[in-house]
Amino acid sequence: MALTLDAQLLEILACPSPDHAPLRPGTPDDAEAEALTCTSCGRVYPVRDGIPVLLLDEAVAPGTAGEPDDDHADSA
């Protein structure tokens, strides 16, 4: 199922990481995925029930297999 977000909304959404780059629909592997991908850092943010979840804790970093991005997590 293709991601359906309002074009104006997609135009103003940006990655919450410090670079604040624009987002594009889909993932690098699946252009039809229910997700948004940062055009700069490559993080993939899920879209649940039509709502983009733009939280770094929910993002999948590039090069990981579906694991949440934990670059900013405290280390023990």
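Residues numbered from 1 in each chain as written. Predicted model: local features only at pLDDT ≥ 70, side-chain atom pairs only at ≥ 80, totals over all residues. Heavy atoms only, no water.

- The name an unreviewed UniProt entry assigns to the chain is UPF0434 protein ATK36_4654, from the organism Amycolatopsis sulphurea.
- For the record of the chain, the UniProt heading Sequence similarities (unreviewed entry) holds the text "Belongs to the UPF0434 family." (UniProt positions renumbered as here; feature names shortened; annotations may be inferred.)

**A short note on the side chain of threonine 27**
Then step 1. As for its position among the elements, threonine 27 is in the loop between β1 (23-25) and β2 (35-38).
Then step 2. On the basis of relative accessible area, threonine 27 is assigned to the buried category, the value being 17%.
Then step 3. Dropping the residues within four chain positions of it, threonine 27 is found in contact with Ala33, Ala35, Thr37 and Val44. (Helix = DSSP H or I, 4+ residues; strand = E, 2+ residues; numbered from the N terminus. Buried < 20%, exposed > 50% of the residue type's maximum accessible area, 1.4 Å probe, protein only. Contact = heavy atoms within 4.5 Å.)

**Concerning the layout of surface pockets**
Then step 1. As a volume, the largest pocket reaches approximately 160 Å³.
Then step 2. For the largest pocket, the full set of lining residues is Thr27, Pro28, Asp29, Asp30, Gly42, Val44, Val60, Ala61, Pro62, Gly63 and Thr64.
Then step 3. Residues that form the lining of the largest pocket fall into these classes: 5 nonpolar, 4 polar and 2 charged. (1 Å grid on protein atoms, 1.4 Å probe; cavity = no way out; pocket = protein on both sides within 12 Å on 5 of 7 lines; lining within 4 Å. Points joined across faces, edges and corners; volume = space filled by probe spheres on them. Nonpolar A, V, L, I, M, F, W, Y, C, P; charged D, E, K, R; others polar.)

**Regarding the sheet that holds β2**
Then step 1. The 4 strands are arranged β1-β2-β3-β4 in an open sheet whose pairing can be described as antiparallel. Both outer strands of the open sheet, β1 and β4 (51-52), are each paired with one neighbouring strand and no more. (Pairing = 2+ DSSP bridges.)

**Observations regarding the pairing of β2**
Then step 1. Both faces of β2 are covered, namely the face carrying Ala35 and Thr37 and the face carrying Leu36 and Cys38.
Then step 2. Pairing of β1 with β2 involves 3 bridges; the strand directions are antiparallel. Within the sheet, the bridge partner assigned to proline 25 lies in β2 and is leucine 36.
Then step 3. Alignment of β2 against strand β3 (residues 44-48), held across 3 bridges, turns out to be antiparallel.

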